Amino acid sequence: MTAKCTKAFKLLNGKEIPAIGLGTWKATDEEVYNSVLFALKTGYRHIDTAAGYGNEVPIGKAIKDSGIARSEIFVTTKLWSIDHHDPEAALKASLERLGLDYVDLYLMHWPLALNPKGNHPAIPTKPDGTRDILLDWPFTKTWKLMEPLIEKGFTKALGVSNCTIEKLTTLFNENLKVKPVVNQVELHPYLPQHKLLDFAKKHGIILEAYSPLGSSDAPLLKDETIAKIAETYGVSSATIIISWAVWRGTVVLPKSVKESRIESNFEIVTLKDEDGEKLNNLVNERGGPQRFVSPPWNPFVVFDSSL
Ligand code: A2P
């Protein structure tokens, strides 16, 4: 039996974050407007976007048109790498596009800065074709510039995305005024990142799972073991994967622009621990971790081996 997910996790700042949020990457403006509006009607109270997705305007419009009180909706957006030198201006611009006074969570999208004076407004490149990364601008410097954004009222909380244990450790060594409350990373049974999850739990940080079905084409849905577990519950593989994410204490952000999927992705089952463990161990049966989202950030190393 499935039930709409009402679970929320407590963040380090004392606020709650709904366990399931709508992912919005790779959706057109029209799709995203309709899916956010439909998701909010269905019961979702958590929407995840980013300046880098280019869809904050339709998302803000859908939130407004839903008629649901702002205080009831948890909105996350992210700082794009081109804006690491001025996160305050970037967040103000995001708020303007969203039509909101504040967001609930502001994340550093990637732990690296891109050249704001480069050859492209979003992803500048060097003559050799590699991305124009400011290798002498550490992401810890950006974090320091983000810290005042809470006191200034532009966001309720701050977090990071795409950070490994090594990057989080580097950040924690900086004598922080504000600790990240979440780390949003790719997480699914083929990339469970158990060590990172243990580390995050130890520090009171919530992990958020992006691309929980494996992103475009949802490759995890073809897995036989997952399908077999799903059959025993009489639900879809997607429901099992989303339920597993919540079972292990992570926020999960399934993306869909199809109403029936948006609806079913919000319905979870209570997994038996033995099934949760089976999913925890699946990565070993599949020959090791698989990452589906890995932009070419070389020579900067984003993902090391601390999976
Ligand atoms: P669509 O938006 O057309 O529904 P992820 O959340 O891992 O990024 O995966 C999203 C991909 O999986 C999208 O391409 C989405 O396509 C598809 N998807 C989302 N939910 C489901 C579902 N319940 N069943 C099948 N495919 C899904």
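Structure: above.
Residues numbered from 1 in each chain as written. Predicted model: local features only at pLDDT ≥ 70, side-chain atom pairs only at ≥ 80, totals over all residues. Heavy atoms only, no water.

Considering the site of the ligand
In step 1: Leu213, Lys255, Ser256, Lys258 and Arg261 are the nearest of the 17 residues found near the ligand.
In step 2: Ser256 places a polar side-chain atom, nitrogen or oxygen, 2.6 Å from an oxygen atom of the ligand.
In step 3: Surface burial for the ligand is 85%, taken as the share of its 570 Å² of free accessible area covered by protein chains.
In step 4: Of the residues belonging to the shell around the ligand, the class tally is 7 nonpolar, 6 polar and 4 charged. (Near = heavy atom within 4 Å. Polar contact = N/O pair within 3.5 Å; in protein donor to acceptor, adjacent residues only side chain to side chain. Areas by Shrake-Rupley, 256 points an atom, 1.4 Å probe, with all protein chains shown as cover. Nonpolar A, V, L, I, M, F, W, Y, C, P; charged D, E, K, R; others polar.)

Structural notes on the pairing of strand β8 (residues 158-161)
In step 1: Every second residue of β8 is oriented toward a common face, with Leu158 and Val160 on one face and Gly159 and Ser161 on the other, all of them buried.
In step 2: Where strand β7 (residues 105-108) and β8 come together, 3 bridges link them in parallel fashion. In the sheet register, Tyr106 faces β8, and the bridge partner there is Leu158.
In step 3: As paired elements, β8 and strand β9 (residues 182-186) share 2 bridges and run parallel to each other. Bridging across to β9, Ser161 finds its partner in Gln184. (Buried < 20%, exposed > 50% of the residue type's maximum accessible area, 1.4 Å probe, protein only. Helix = DSSP H or I, 4+ residues; strand = E, 2+ residues; numbered from the N terminus. Pairing = 2+ DSSP bridges.)

Thoughts on the packing of helix α8 (residues 224-233) against helix α9 (residues 237-247)
In step 1: Packing of α8 against α9 leaves a shortest axis separation of 8 Å and a crossing angle of 95 degrees. In this view, α8 runs roughly perpendicular relative to α9, as classed from their interaxial angle. Contacts between α8 and α9 involve Ile226, Ala227, Ile229, Ala230 and Tyr233 from the former and Ser237, Ile240 and Ile241 from the latter.
In step 2: In terms of residue class, the contact of α8 with α9 is made up of 7 nonpolar, 1 polar and no charged. (Axes fitted to C-alpha atoms, helices over the stretch in contact; angles between N-to-C directions. Parallel < 35°, antiparallel > 145°, perpendicular 65-115°, else oblique. Contact = heavy atoms within 4.5 Å.)

Read these as spatial facts, not as claims about activity.
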